[in-house]
Amino acid sequence: NELEKRRVNEHEAAIRWIKGMAADASSPTNSLAMIEHISGLFESMKEITRDYEEFQAQADEAIKAGRAQIKERLETVKKYESERAEAAKKEAEEQAARERAAVIEKERKRIADAKAAQEAEDARRAANKAHRGKINREVLAGLMELGLSEEQGKAVIGAILDGYIPHVTIGY
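Residues numbered from 1 in each chain as written. Predicted model: local features only at pLDDT ≥ 70, side-chain atom pairs only at ≥ 80, totals over all residues. Heavy atoms only, no water.

1. A look at the pattern of salt bridges
Okay, step 1: Here the structure, examined in full by the defined rule, presents 15 salt bridges.
Okay, step 2: Of the charged contacts, one joins E10 and R6 as a salt bridge, the two residues approaching to 3.5 Å between their closest N and O atoms. With E10 and R6 both in helix α1 (residues 2-25) and 4 residues apart, the pair spans about one turn of that helix.
Okay, step 3: Using a relative accessible area of 40% as the deciding quantity, one classes E10 as partly exposed. (Salt bridge = Lys/Arg side-chain N within 4 Å of Asp/Glu carboxyl O. Helix = DSSP H or I, 4+ residues; strand = E, 2+ residues; numbered from the N terminus. Buried < 20%, exposed > 50% of the residue type's maximum accessible area, 1.4 Å probe, protein only.)

What follows is the structure, encoded as structure tokens:
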């Protein structure tokens with residue numbers, strides 16, 4: 001009889017629908033939000049609460065299997081999302097550490113370069129001072145050979161350096 005076939009077909013179609021929803025939720029391409037959405041739809045389907053008459057055991061098994069399938073997929077995706085977020089966080093922390101290390105190294109190099117430049121400048125000044133002192137001692141010795149005292153010779157050198165004696169310079 002036609003009514004009986006239709007009733008049986010409706011029960012079987014509803015059970016297939018339950019299995020199909022669970023399979024849709026478990027698709028590996030679904031995002032966490034999509035799986036949660038389908039899970040909500042699954043629980044609100046009228047097929048979950050209807051009376052399946054003699055097919056109730058099959059329907060209960062399909063519902064139970066569907067819930068388990070959806071739950072498993074949700075847990076898998078949540079774990080994956082959590083691991084991915086943790087990996088991204090770790091990478092960001094490592095990148096920040098690399099950037100901090102680079103900044104510290106750059107500052108260390110800047111300080112070392114500044115120190116080296118200062119030491120080079122100090123050495124240049126010390127060498128220049130020593131050279132000027134040597135030249136001044138030679139000039140003083142020459143002036144003293146001409147009969148000037150050491151004090152007079154130093155006064156003459158000072159006057160030359162200060163520009164009080166026109167047209168006379170000491171070449172260093």
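2. As for the packing of aromatic side chains
Okay, step 1: A full pass over the atoms with the stated rule returns 0 aromatic pairs.
Okay, step 2: The positively charged end of R132 is found above the aromatic ring belonging to Y172, 4.1 Å away from the centroid. (Phe/Tyr/Trp six-rings, centres within 6.5 Å; stacked < 30°, edge-to-face > 60°. Lys NZ or Arg CZ within 6 Å of the ring centre and 35° of its normal.)

3. Observations concerning helix α4 (residues 56-145)
Okay, step 1: The terminal C-alpha atoms of α4, which comprises 90 residues, lie 131 Å apart, in line with the 134 Å expected from a rise of 1.5 Å per residue.
Okay, step 2: Residue G147 follows α4 closely and has a positive phi angle near 110°. (Expected span 1.5 Å × (residues − 1).)

4. Remarks on the nonpolar core
Okay, step 1: Ranked by internal contacts, the top residues of the largest apolar core, which has 20 residues, are I15, I18, F42, M45, Y52 and I70.
Okay, step 2: With 7 residues, the top contributor of residues to this core is α1.
Okay, step 3: When residues no more than four places from it in sequence are discounted, the contact partners of I15 are Y52, F55, Q58, A59 and A62.
Okay, step 4: Ranked by size, the runner-up nonpolar core spans 6 residues in total, among them I135, L143, I160 and I170. (Core = buried A, V, L, I, M, F, W, Y, C linked by side-chain atoms within 4.5 Å. Contact = heavy atoms within 4.5 Å.)

5. Quick notes on the packing of α4 against helix α5 (residues 150-161)
Packed helix pairs are characterised by how far apart their axes lie and by the angle those axes make with each other.
Okay, step 1: As a packed pair, α4 and α5 sit with axes 9 Å apart at the nearest point and diverge in direction by 125°. Between α4 and α5, the angle falls in the class oblique. Taken as a pair, α4 and α5 cross one another with a handedness that is right-handed. Contact with α4, carried on its side by N136, V139, L140, L143 and M144, involves E150, G153, K154, V156, I157 and L161 of α5 and no other residues of that element.
Okay, step 2: Residues of the contact of α4 with α5, tallied by class, amount to 7 nonpolar, 2 polar and 2 charged. (Axes fitted to C-alpha atoms, helices over the stretch in contact; angles between N-to-C directions. Parallel < 35°, antiparallel > 145°, perpendicular 65-115°, else oblique. Left-handed = near helix turned anticlockwise from the far one by under 90°. Nonpolar A, V, L, I, M, F, W, Y, C, P; charged D, E, K, R; others polar.)

6. Examining the packing of α1 against α4
Okay, step 1: Where α1 contacts α4, the two axes come as close as 9 Å, and the packing angle between them is 5°. Taken together, the axes of α1 and α4 are roughly parallel relative to one another. Along the contact surface, α1 presents I15, I18, K19, A22, A23 and A25, while α4 presents Q58, A59, A62, I63, G66, Q69, I70 and R73.
Okay, step 2: Here the residues of the contact of α1 with α4 are counted per class, giving 9 nonpolar, 3 polar and 2 charged.

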